[in-house]
Amino acid sequence: QVELAESGGGMVQDGDSLRLSCGTSPRTFTGYIVGWFRQSPGKEREFVAAIDKSGGATWYADAVKGRFAISIDFASYTVYLQMNSLKPGDTATYYCARTPLTSRSLYDESEYDAWGQGTQVFVSS
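These numbers come from a predicted model, not from an experiment.

Student: Hey, could you go over the environment of T24 for me, with residue numbers and the actual values?
Tutor: Considering the arrangement of structural elements, one finds T24 in strand β3 (residues 18-24). As for T24 and V79, which are separated by 55 residues in sequence, their C-alpha atoms are 7.6 Å apart. When neighbours within four sequence positions are excluded, T24 is seen to be in contact with E3, L4, F29, V34, Y77 and V79. Within the local environment of T24, its side chain forms a polar contact with the backbone oxygen of Y77, the two atoms lying 2.7 Å apart.

Student: Go over the side chain of E3, please, and point to the residues and values.
Tutor: In this structure, E3 sits in the segment before β1 (4-7). Here the side chain of E3 touches R27 through a polar contact of 3.0 Å, side chain to side chain. Among all residues touching E3, those that are not within four sequence positions of it are G23, T24, S25, R27, T28 and R98.

Student: Which residues make up the packing of aromatic side chains, and what are the values?
Tutor: Counted under the stated rule, the structure contains 6 aromatic pairs. Relative to Y107, the ring of F47 lies with its centre 4.6 Å away and its plane at 70°, an arrangement referred to as edge-to-face. Separated by 60 residues along the polypeptide, F47 in strand β5 (residues 46-51) and Y107 in the loop between β9 (92-100) and β10 (114-115) bring together distant segments of the chain. A centroid spacing of 6.3 Å and a plane angle of 80° characterise the contact between Y95 and W115, whose relative ring orientation is edge-to-face. Remark: W115 occurs in strand β10 and Y95 occurs in strand β9; sequence separation between them is 20 residues. An aromatic cluster is present here, built from F37, F47, Y95, Y107, Y112 and W115 joined pairwise through their rings. Positioned above the aromatic ring of Y32 is the side chain of R98, whose terminal nitrogen or guanidinium carbon lies 4.0 Å from the ring centre.

Student: Any details on the state of the cysteines? Residues and values, ideally.
Tutor: Applying the stated criterion across every chain yields a total of 1 disulfide. Residue pairing for C22: its cysteine sulfur links by disulfide to C96, the two sulfurs lying 2.1 Å apart. An S-S torsion of about 70° defines the bridge between C22 and C96 as right-handed. On the criterion of sequence distance, the pair formed by C22 in strand β3 and C96 in strand β9 is long-range, its members being 74 residues apart. C22 gets classed as buried once you look at its relative accessible area, which sits at 0%. Taking relative accessible area as the criterion, C96 reaches 0% and is therefore assigned buried.

Reading the values: the criteria
- Residues numbered from 1 in each chain as written.
- Predicted model: local features only at pLDDT ≥ 70, side-chain atom pairs only at ≥ 80, totals over all residues.
- Heavy atoms only, no water.
- Helix = DSSP H or I, 4+ residues; strand = E, 2+ residues; numbered from the N terminus.
- Contact = heavy atoms within 4.5 Å.
- Polar contact = N/O pair within 3.5 Å; in protein donor to acceptor, adjacent residues only side chain to side chain.
- Phe/Tyr/Trp six-rings, centres within 6.5 Å; stacked < 30°, edge-to-face > 60°.
- Lys NZ or Arg CZ within 6 Å of the ring centre and 35° of its normal.
- Disulfide = S-S within 2.5 Å.
- Buried < 20%, exposed > 50% of the residue type's maximum accessible area, 1.4 Å probe, protein only.

As structure tokens, then:
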């Protein structure tokens, strides 16, 4: 059973916006914190943002703070990542993942126990 599935990636230009979606299951939605990570070619996967099940608590990497926004659609168990003012440096494969509510660190990918397949974002200059 697929617990998380990303969609919404694509090719955009510098300064454009894009919204990524992460479809989850009710079990994931209620029992975990959902996060977004990204990985550029030749680089390690890095934390982007995370949100708790109430939507009341969010966390962001400094590199995206003020440009990206994570949110939840409670009706469809979907977690969104709205990406504004995109830069070529945001080019990466974006993954959504879940971590238990007892996670020691939301920023550590090893704390996440299920991942989506990834969706690619390419930002041209």
